[in-house]
Amino acid sequence: MPQSNLAHKPETAQHAGYDLARFEHKAPAITRLPKREHIVHPIKILFAAVMLVSMISVMLYGRVQITELGQEISKMQAQLEELNSEKVRMETELEGLMSLKSIEETSVGEYGMVRPDASQVTYLQVQQNRVETVENEENFLDRLLSFLEDIGISF
């Protein structure tokens, strides 16, 4: 009787070509590792504390600077208002001193001046359409430029 390869069973189950158990999916074995205690290194704690303290210090320093600058601005504004009121007072005083009435009172009272009378006034008549020109002497720069042109250097 002829035997076919399909019906033939391996004689040994050890044969690798026919071992189908190797292709079956088995669940992987899960092994639990022992839990490690989470230990934070003291240097990390110290670093975090230093960073926290430095950040708080920078924030406080910024607040102090803002407060000081606010106070300085308030002082400067008060000084500006005082100077503006002093300026207004001085301008008013200057306007009072520069008025014609106050100038006349000062000139008559302090310097003894009087208004001129008709005998002290002299009128001059000037001819119309008369133009006189005065020529100025050459200055140093003009003489220097003419000297340079004479020697052949022109600008």
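Conventions used here
Residues numbered from 1 in each chain as written. Predicted model: local features only at pLDDT ≥ 70, side-chain atom pairs only at ≥ 80, totals over all residues. Heavy atoms only, no water. Helix = DSSP H or I, 4+ residues; strand = E, 2+ residues; numbered from the N terminus. Buried < 20%, exposed > 50% of the residue type's maximum accessible area, 1.4 Å probe, protein only. Areas by Shrake-Rupley, 256 points an atom, 1.4 Å probe, with all protein chains shown as cover. Patch = residues over 30% accessible without salt bridge, like charges linked within 9 Å, V, L, I, M, F, W, Y side chains within 5 Å. Salt bridge = Lys/Arg side-chain N within 4 Å of Asp/Glu carboxyl O. pLDDT = per-residue confidence, 0-100.

Before going further, it helps to examine the overall build of the protein. Scanning the protein from terminus to terminus reveals 3 helices and 0 strands. Reading the protein from its N end, one meets helices and strands in the order α-α-α. A buried classification covers 2% of the 155 residues belonging to the protein. As displayed, the protein offers around 16,800 Å² of accessible surface, 60% of which is attributable to carbon and sulfur atoms.

Quick look at a nonpolar patch on the surface now. On the surface, Phe-140, Leu-141, Leu-144, Leu-145, Phe-147, Ile-151 and Ile-153 cluster together to form a nonpolar patch covering roughly 680 Å² of accessible area. Within the secondary structure layout, Phe-147 lies in helix H3 (residues 140–150).

On to the confidence of the model for the protein, then. Looking at the protein as a whole, its pLDDT mean stands at 81, while 78% of the residues score no less than 70. For the protein, per-element mean pLDDT is lowest for H3, which scores 80, and highest for helix H1 (residues 42–98), which scores 95.

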